[in-house]
There are 6 protein chains.
Amino acid sequence: MTGVPLTRLLAFVAEDAPFGDVTSDAVLDDRVCSAVLRFREAGIAAGLAEAAALFAHYGVDATLRATDGDRVEAGATVLALEGSVRGVLLVERTALNLVGRMSGIATTTARYAALARAGGQPVRVAATRKTAPGLGLLDKKAVLLGGGDPHRFTLSDGVLIKDNHLALVPIEEAVRRARAFSAYKTVEVEVETADEAVRAARAGADMVLLDNMTPAGVEEALVALASAGLRDRIRVEVSGGITEATIGAYAGLGVDLVSVGALTHSVRSLDLTLEVFGPQQAD
Amino acid sequence: MTGVPLTRLLAFVAEDAPFGDVTSDAVLDDRVCSAVLRFREAGIAAGLAEAAALFAHYGVDATLRATDGDRVEAGATVLALEGSVRGVLLVERTALNLVGRMSGIATTTARYAALARAGGQPVRVAATRKTAPGLGLLDKKAVLLGGGDPHRFTLSDGVLIKDNHLALVPIEEAVRRARAFSAYKTVEVEVETADEAVRAARAGADMVLLDNMTPAGVEEALVALASAGLRDRIRVEVSGGITEATIGAYAGLGVDLVSVGALTHSVRSLDLTLEVFGPQQAD
Amino acid sequence: MTGVPLTRLLAFVAEDAPFGDVTSDAVLDDRVCSAVLRFREAGIAAGLAEAAALFAHYGVDATLRATDGDRVEAGATVLALEGSVRGVLLVERTALNLVGRMSGIATTTARYAALARAGGQPVRVAATRKTAPGLGLLDKKAVLLGGGDPHRFTLSDGVLIKDNHLALVPIEEAVRRARAFSAYKTVEVEVETADEAVRAARAGADMVLLDNMTPAGVEEALVALASAGLRDRIRVEVSGGITEATIGAYAGLGVDLVSVGALTHSVRSLDLTLEVFGPQQAD
Amino acid sequence: MTGVPLTRLLAFVAEDAPFGDVTSDAVLDDRVCSAVLRFREAGIAAGLAEAAALFAHYGVDATLRATDGDRVEAGATVLALEGSVRGVLLVERTALNLVGRMSGIATTTARYAALARAGGQPVRVAATRKTAPGLGLLDKKAVLLGGGDPHRFTLSDGVLIKDNHLALVPIEEAVRRARAFSAYKTVEVEVETADEAVRAARAGADMVLLDNMTPAGVEEALVALASAGLRDRIRVEVSGGITEATIGAYAGLGVDLVSVGALTHSVRSLDLTLEVFGPQQAD
Amino acid sequence: MTGVPLTRLLAFVAEDAPFGDVTSDAVLDDRVCSAVLRFREAGIAAGLAEAAALFAHYGVDATLRATDGDRVEAGATVLALEGSVRGVLLVERTALNLVGRMSGIATTTARYAALARAGGQPVRVAATRKTAPGLGLLDKKAVLLGGGDPHRFTLSDGVLIKDNHLALVPIEEAVRRARAFSAYKTVEVEVETADEAVRAARAGADMVLLDNMTPAGVEEALVALASAGLRDRIRVEVSGGITEATIGAYAGLGVDLVSVGALTHSVRSLDLTLEVFGPQQAD
Amino acid sequence: MTGVPLTRLLAFVAEDAPFGDVTSDAVLDDRVCSAVLRFREAGIAAGLAEAAALFAHYGVDATLRATDGDRVEAGATVLALEGSVRGVLLVERTALNLVGRMSGIATTTARYAALARAGGQPVRVAATRKTAPGLGLLDKKAVLLGGGDPHRFTLSDGVLIKDNHLALVPIEEAVRRARAFSAYKTVEVEVETADEAVRAARAGADMVLLDNMTPAGVEEALVALASAGLRDRIRVEVSGGITEATIGAYAGLGVDLVSVGALTHSVRSLDLTLEVFGPQQAD
């Protein structure tokens, strides 16, 4: 996926240092140093391209030792830096926050994906729009790097007809209006029963979202779709409080996607460190 | 704390709907509805003022049923809305992401703070700059609402002399330079031994950060500071991988602050829901 | 469709008056006036909501006399204004440029749509991404108001596999990769022969774009899709230099969409005027 | 004229690809390619410097084969590209929209200018502020490249006293106030009769705009100015619905400028194409 | 003159309080208070409209007790405030900086203007582009309020041909090119001798700038222009290190304008104070 | 101190040339030239790094002949330029405004600092937040380069309890609340009597600001603090209308800081010039 625009990355640094780094300004002469960014735990790398671009902007040579999307072992160096110690320290925290969050998301996504496919099904794990405010772009990129499906990027991306809409408009009419709005938008309907799933598929929806159902309920919906000869016309997604413990049960039923809000709404940053070497104390 | 500027909040919505909400545009006539934002689990409210400002901008009346900083029970309504269903649905996800993240941080902070003070010590829990990229302002406000200490907001805020600086400049000289830079900046030194702590205090630092020490090491440093008659001249902070399980052991030693990166780098959003009522299906 | 954000509209005025309106500043006392925005030729109104919001921001009461999407007769008033003559004159040109362009696009779209449906087919007219630089949002909204299909808003919206991609990756593999990228993206393939159209449909594409074909070529492709039992699984779009003179021939063949770059790349602004009344010359 | 700032050009791309180009991300490996931007019809080149700067920002080498302002034949290559196929495809549409619109404006301007001077008069063709919303900078630059006069860039640029002002303040007083406001602003008065033209010139205006007059009316005004000995003290502009058919009649009368709103309010983009070569399909 | 856009004013506050006003947040409950902005020395008011808009944005009622451009006595109240003490204190410094600088400029401009006209000449005092970086809009507005001429707002505003240009192009050719560029731009030539002044006027310049000349040199140039019958075709400006002590000598010679860089490059803020009343200490 | 972000510097140029430099566009062919930036009076250099970055952005090679913070003699060259004459002239005024203002501030700061230390005391001169609106970053950097103390950068930086706060909350309680808000914020109290100074120090403030006191009053406060054994626990600042004439009297009393609003609220720009050489007139 295309990188995050540099202007946005620079804004992160500007917010973290509106009047510069007073510690370096006060304490350090500027010197050249070497430094490395290392993973303290294993995980999927994400955000390295962005971190490297940031360091480079501040005149620090940044060499990637891993590529975004790679699985990295604990202790491995992912970025080697060479340049002004002030530049390195100015960017340090922003880079760690960026790589830590994005790698955390990518790693969790990969773990869920592995669990989902443990039974051999070609099911995919998808994210939701439950991201940190304003961080949809970073979070969706991290999900992609972890092997997940990014789902809708924004409200403008595709049509997702939910209970609030269906309280006002019947399924068939809602799908018809969505198609009439634009032929280019994927149309998905969120349903709570097998019957609604069949109605959505029959109305021509591209996808159906089985929300907050038990595995038995999901199975019932899949059977109903198959019986109606509609299973191959529609992609089936399940969602609703699915965890690492329960994802296998859903994935094994033959759905196409399992979406998991926790991938991006409850992120644990990967444990990283930046180590500086080389500049020697003046005599 | 002052609210997050409206322009920033609006940018969150614009990023989530660059070409509007195509589902509402396609499916719904616009109507007036009622809606509520409810907590599905107990926690400390944060971000409600921001969410209310966002809804109000889009013409939806928003009445606070709780104040940021309040402890809210599971099931309680925190915000009551009245207005255009399109406006409500446009802002819904951004508001949930905002309140969910901020309340998650505030709730975790309050839990750590309670654990730290369980032994009766007046110790405080502090955040770090390990936030989601660009979200320092929201995250620090949430920490304050949870009863925590926000620590440095940015690199421009105060002087924190770390190992990378001390590799180049001795403690005494570093503190002297920091004071000479500005009389207005708090000067803190990160140390790893009791001896370094005493040197930092003697050099005139305002604070000392005991990093990655065992409780025994912390105790040794506190004794050394007391023996040198320096304990009341310096504020003592401990940090480094402190968890809910270990915070009590550190807090009981008589330190002033315990800082915890996890408050903001590994956030679990509080579980919330927005429920829409009232607009009736047209005949 | 949701309105264009006010900050964006204000930027238009700021660019047109970086140091204010020197004519009003030099020549006029400020007074209250009445004014009207009138169409000098018939057309579909678009941009009125945006114009009204702009005037209101500068303290001028703006009353809509028509709704965006309405067909308006030549001579009709669409907006009635009451307020400071300086405010009216400051916003005048920006408002006229906005309403003129958007109404021009909406009117042309409606004309093409009428021609396409003249034969009774339910075919839709669609726009492309050939807009004025940076004006995609305004232009797409205008197309919607004119009864057109907005097509992809951006490159992030959906997958459109073109000749440049197919030079590198066979159709079947390209569609497979697109589906694997995300289940939520509409997948369309641009083809030049009936055979390619069948391959794309068989591979599972949602849409096929018959590019620069003659009507006979289009008919051949439709027959081939029908023979293969794929016609109802895929939406068929035609494009490539289609004009008011030729759209009927394509629309009559039974395609789903006809996309027309000229709707937004070669816009004729509707002819409008703003007339000021009422402020009297001082004695 | 100075180029359009890069930040503005980058914003065009960011709006067209907020979450990247999903087609390339899904379908293509990244490879190096060659590409050319070609004119499909003859015209005056404009926007090439901006397009080249955009490609270069995304790491694509861009070599100008024509200079902005040049007349280019149908079929000619104006820009040769070498670099990442993903970079080329990301920027493609924005570059085509930019060059297409600007070259369309420049070409139309040059055509009007040639018609105006067909009779041998040194008359100039000028644009107005009737541009696409927010695109004044691009549109005015294109007019200059086409050999036109850009007229006022903004409301802050110069004083143009129109009917709405003259309804409140007599010509003589309005010109006096304009001069008193600033000695540095060109002062122009829009008039509808020969008598008003003489009054404006006598009051010291720099320019007079004869609005919506017939050629006979214009001639009468020119004679009146000459009789009063004021013709060489004032520049005379005509405007109001002037077309390619009528411009010759006005230009032949000896006016200094003919301004034409259609140059920028009703733009036909020049027909261009971007062709990609060279990256080979993997075996 | 039109006010400074609110978004710009809000940016001033955001820069001064990126994480809020920690003193109020720490120390104060929020209460309602009264406050006044008072001039501690006499001067011309400027910036009051902007200050009032800022307070109003933060929910503080702001009543103007003087109008921008008024002469205000020492001790007079210019703005009365009523509202949240936190809002008042948040905006206080930004408002004082704004009003202090703008009123300082307006007051100095008025003083120079009075000195220039002391001899009864209708000469005007003008500013230059020597402003604080980025503050041209505020500074030029203040000059206008002080009764000065704002001169060119920007490099895009008008043509000013200086020594650096004349080293490359002769006066006559430079003026010809400037006229050919646009009929709408005022053309001024900076000269150093009477002969050059005559050449500039003869070539058709609108204005001539006599730079760094003695009063005798200026007189010589005026005589030369008069002798050539060109004095009434050109506006004459003098500039170059003119002070309050010397302005009278130049103004008395019959020039049209005296421009003074010090008006905006060396500003003394007017002495102001904001006094808070009313909120009572809690028992 | 870290440099001012380039995006901010570019905004200064964009504001000064929204439609380019029409004089160069009209009059000059583009050629290569040499140019120098020279000080016309002696002073402390500041803003050179920023000016060099701006020229470099526009393709002009810029070589520093002095370093920010250096004392420069009258007549000395501080920046040598080589490149497009259009680039040089486009940036000229912005660069002069930037370097002129910043060097003016740095020079004044150094002069005050020398006066303060004339008696051999290690006292420092500090700035305040009385800057030009929005220019805090530039102004504080200039103060640092002149050898001054920047004081609080913003309202978020540190706690400064003033009369308006003390009218509502007693000193002891205010200091307690400030400490409870955050252990990381320097806490300063503004007082008007010796007794209040002692109360602030006893309450644990880091700094006390003796505001608008006579030298005798300051001395009394210092004695009171010493008698109470608190002098070495608190840093003492004086402020309030201190001038070059009076600073020595305060500095000699043994205070730690003297803060002077005039450093940044009433700036005299240093006198600079940019001279262009070398491009020859075409034959």
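What you are looking at is a predicted structure, and each value in this text was computed from that prediction instead of being measured. Each chain has its residues counted from 1, running along the sequence as written. Here chains are named by letter from A upward and ligands by number from 1 upward, in the order in which they appear as written. With the structure being a predicted model, the display of local features is reserved for residues of pLDDT at least 70 and the display and counting of side-chain atom pairs for 80 or more, all residues being used for whole-chain, interface and lining totals. Values reported for side chains reflect all heavy atoms of the structure, with hydrogen atoms and water molecules removed beforehand.

1. A closer look at the side chain of threonine 109 of chain A
Residues and elements named next belong to chain A.
Moving on, step 1. Under the scheme used here, helices are H or I runs from DSSP no shorter than 4 residues and strands are E runs no shorter than 2 residues, and both carry numbers assigned from the N terminus. As for its placement among the helices and strands, threonine 109 is situated in helix α4 (residues 85-116).
Moving on, step 2. Note on classification: 1.4 Å probe, protein chains only; a residue is buried when its accessible area is under 20% of the maximum for its type, exposed when over 50%, partly exposed between these limits. Given the relative accessible area of 0%, threonine 109 is considered buried.
Moving on, step 3. By definition, residues are in contact when any of their heavy atoms lie within 4.5 Å. Threonine 109 has contacts with Val143, Gly146, Gly147, Gly148 and Leu263, leaving out every residue within four places of it along the chain.

2. Let's talk about the pattern of salt bridges
Moving on, step 1. By definition here, a salt bridge exists when the distance from a side-chain nitrogen of Lys or Arg to a carboxyl oxygen of Asp or Glu is within 4 Å. Enumeration over the complete set of coordinates arrives at 108 salt bridges over all chains.
Moving on, step 2. Among the ionic pairs, arginine 233 of chain C bridges to aspartate 232 of chain A, the shortest N-O distance being 3.9 Å. Note that arginine 233 of chain C is positioned in the loop between α9 (215-227) and β10 (235-239) and aspartate 232 of chain A in the loop between α9 (215-227) and β10 (235-239), a pairing that runs across two chains.
Moving on, step 3. Residue arginine 233 of chain C is classed as partly exposed on the basis of its relative accessible area of 43%.

3. Notes on the environment of leucine 64 of chain E
Residues and elements named next belong to chain E.
Moving on, step 1. One can find leucine 64 in strand β3 (residues 61-64).
Moving on, step 2. Between the alpha carbons of leucine 64 and tyrosine 184 there is a distance of 39 Å; along the sequence they are 120 residues apart.
Moving on, step 3. Once residues within four sequence positions are removed from consideration, leucine 64 is found in contact with Leu48, Ala49, Ala52, Val78 and Leu79.

4. With respect to the relation of the copies chain B and chain A
Moving on, step 1. Note on the identical chains: chain B maps onto chain A by a rotation of 180° and an axial translation of 0.0 Å, with an RMSD of 0.0 Å. What the superposition gives is, in effect, a two-fold axis relating one chain to the other. Rotation axis and chain B: the residue whose C-alpha lies nearest the axis is valine 267 of chain B, separated from it by 2.9 Å. A residue counts toward the fit only if its pLDDT is at least 70 in both copies, and the copies are then superposed by least squares on the C-alpha atoms of those residues.

5. Digging into the sheet that holds strand β5 (residues 77-84) of chain D
Residue and element names in this part refer to chain D.
Moving on, step 1. DSSP calls a pair of strands paired once it identifies at least 2 bridges connecting them. Strand order in this open sheet of 4 strands is β3-β5-β1-β12, and the pairing throughout is antiparallel. At either end of the open sheet lies a strand with only one pairing partner, and these are β3 (61-64) and β12 (272-277). Neighbour-to-neighbour, the strand axes of this sheet turn through a mean angle of 15°, independent of strand direction.
Moving on, step 2. Here β3 pairs with β5 via 4 bridges, running antiparallel. Bridge assignment links aspartate 61 to a residue of β5, and that residue is glutamate 82. Helix axes are fitted only over the stretch in contact, all axes being lines through C-alpha atoms; the angle between N-to-C directions runs from 0 to 180 degrees.

6. Some remarks on the side chain of arginine 152 of chain E
Moving on, step 1. If you trace the backbone, arginine 152 of chain E turns up in the loop between α5 (136-145) and β7 (159-161).
Moving on, step 2. Once residues lying within four places of it in the same chain are set aside, the contact partners of arginine 152 of chain E are Tyr184 of chain D, Arg129, Lys140, Asp157, Gly158 and Leu160 of chain E together with Thr23 of chain F.

7. Focus on the sheet that holds strand β5 (residues 77-84) of chain A
All names here are of chain A.
Moving on, step 1. If you trace the 4 strands from one edge of the open sheet to the other, you get β3-β5-β1-β12, paired in antiparallel fashion. What marks the edges here is a single partner per strand, and that holds for β3 (61-64) and β12 (272-277). Strand after strand, the sheet turns through a mean of 15° between neighbouring axes, direction not considered.
Moving on, step 2. Those strands touched by α4 are β1 (32-39), β5 and β12, and its axis lies near 160° from that of β12.

8. Points about the packing of helix α1 (residues 6-16) of chain D against helix α4 (residues 85-116) of chain D
Residues and elements named next belong to chain D.
Moving on, step 1. For the pair α1 and α4, the least separation of the axes is 9 Å and the interaxial angle reads 125°. The angle between α1 and α4 falls in the class oblique. Seen from above, α1 lies across α4 with right-handed handedness. Residues Leu9, Phe12, Val13 and Asp16 of α1 touch α4, and the partners they reach there are Leu90, Arg93, Thr94 and Leu98. Should an angle lie under 35 degrees it is considered roughly parallel, over 145 roughly antiparallel, and from 65 to 115 roughly perpendicular; all remaining angles are considered oblique. Each crossing is labelled by how the near helix is turned from the far one, with a counterclockwise turn of less than a right angle marking it left-handed and a clockwise turn marking it right-handed.

9. Description of the domain arrangement of chain A
Residue and element names in this part refer to chain A.
Moving on, step 1. Residue ranges assigned to each domain were obtained from an automatic or database domain assignment. When cut into domains, chain A gives domain 1 (6-113 + 268-281) and domain 2 (119-265).
Moving on, step 2. Here the C-alpha centre of domain 2 lies 36 Å away from the C-alpha centre of domain 1.
Moving on, step 3. Here the quantity called buried area is the accessible surface, traced with a 1.4 Å probe, that two parts lose on coming together, added over both. Counting each side, the surface lost to burial between domain 1 and domain 2 is near 1,700 Å², with a carbon and sulfur contribution of 66%.
Moving on, step 4. Run the count over domain 1 and domain 2 and you get 3 salt bridges.
Moving on, step 5. Residue lysine 141 is joined to glutamate 50 by a salt bridge in which the shortest nitrogen-to-oxygen separation is 2.8 Å.
Moving on, step 6. Any pair of nitrogen or oxygen atoms within 3.5 Å is treated as a polar contact; in protein, a donor-acceptor pairing is required on top of that, and neighbouring residues in sequence qualify only through side-chain atoms on both sides. Put simply, domain 1 and domain 2 have 5 residue pairs in polar contact (both at pLDDT 80 or more) between them.
Moving on, step 7. Elements represented by at least two residues in the side of domain 1 that touches domain 2 include exactly α1 (6-16) and α4.
Moving on, step 8. In terms of residue count, the dominant contributor to the side of domain 1 that touches domain 2 is α4 (11 residues).

10. Some points on the interface of chain B and chain C
Moving on, step 1. Between chain B and chain C, the contact holds 8 residues from the first and 7 residues from the second.
Moving on, step 2. Counting each side, the surface lost to burial between chain B and chain C is near 610 Å², with a carbon and sulfur contribution of 76%.
Moving on, step 3. There are 0 salt bridges connecting chain B and chain C.
Moving on, step 4. In this assembly, chain B and chain C are joined by 0 residue pairs in polar contact (both at pLDDT 80 or more).
Moving on, step 5. Counting only elements with at least two residues in the side of chain B that touches chain C, the list comes to α2 (22-27) and α4 (85-116) of chain B.
Moving on, step 6. Under this grouping Gly is polar, as are all residues other than the nonpolar Ala, Val, Leu, Ile, Met, Phe, Trp, Tyr, Cys and Pro and the charged Asp, Glu, Lys and Arg. For the side of chain B that touches chain C, a count of residues per class yields 4 nonpolar, 1 polar and 3 charged.

11. Side note on helix α7 (residues 171-181) of chain A
Moving on, step 1. All buried positions along α7 of chain A are accounted for by Ile171, Ala174, Val175, Ala178, Arg179 and Phe181 of chain A. In a view along the axis of α7 of chain A, the buried residues occupy a sector of 160°, so they form one face of it. Read the arc as the range of directions from the helix axis to the C-beta atoms.

12. Here we look at helix α8 (residues 194-203) of chain A
Residues and elements named next belong to chain A.
Moving on, step 1. Taken as a whole, α8 has its buried residues at Ala194, Ala197, Val198, Ala200 and Ala201. Across the axial projection of α8, the buried residues extend over an arc of 160°, all falling on one side. Within α8, the exposed residues directed more than 90 degrees away from the buried face are Asp195 and Arg202.
Moving on, step 2. Elements in contact with the buried residues of α8: α7, β8 (187-191), β9 (207-211) and α9.
Moving on, step 3. Positive backbone phi, at 105°, marks glycine 204, one or two positions downstream of α8.

13. Considerations on the interface of chain B and chain A
Moving on, step 1. Tallying the contact residues gives 62 residues for chain B and 62 residues for chain A.
Moving on, step 2. For the pair chain B and chain A, the two sides together bury roughly 5,100 Å², of which 58% comes from carbon and sulfur.
Moving on, step 3. Contact with chain A buries area across many residues of chain B, yet Pro133, Leu155 and Leu168 of chain B alone supply 15% of it, more than any other trio.
Moving on, step 4. Inspection of the region where chain B meets chain A yields 4 salt bridges.

14. Thoughts on empty space enclosed by the protein
Moving on, step 1. Each cavity reported here is a set of points on a 1 Å grid over the protein atoms alone in which a 1.4 Å probe fits but cannot get out, each pocket an open set with protein on both sides within 12 Å along at least five of seven lines, and each lining residue one with an atom within 4 Å of a point. Grid points are joined across faces, edges and corners, and a volume is the space filled by probe spheres set on the points. For the structure shown, the criterion picks out 13 cavities of 30 Å³ or more.
Moving on, step 2. Here the largest cavity defines a volume of roughly 160 Å³.
Moving on, step 3. For the largest cavity, the lining is made up of 13 residues, of which Arg129, Leu155 and Lys162 of chain C together with Leu89 and Glu92 of chain D are closest to its centre.
Moving on, step 4. For the lining of the largest cavity, the leading source of residues is α4 of chain D, giving 4 residues.
Moving on, step 5. Across the lining of the largest cavity, the residue classes break down as 4 nonpolar, 3 polar and 6 charged.

15. Looking at the packing of aromatic side chains
Moving on, step 1. Two rings from Phe, Tyr or Trp (for Trp, the six-membered ring) form a pair when their centres are within 6.5 Å of each other. A pair whose planes differ by under 30 degrees is stacked, one over 60 is edge-to-face, and the rest are tilted. Tallying each qualifying case throughout the model produces 6 aromatic pairs over all chains.
Moving on, step 2. Geometrically, the ring pair formed by phenylalanine 153 of chain B and phenylalanine 19 of chain E is stacked, given 4.4 Å between the ring centres and 10° between the ring planes. With phenylalanine 153 of chain B in the loop between α5 (136-145) and β7 (159-161) and phenylalanine 19 of chain E in the loop between α1 (6-16) and α2 (22-27), this residue pair bridges two chains. Note on accessibility: phenylalanine 153 of chain B and phenylalanine 19 of chain E belong to one class, buried.

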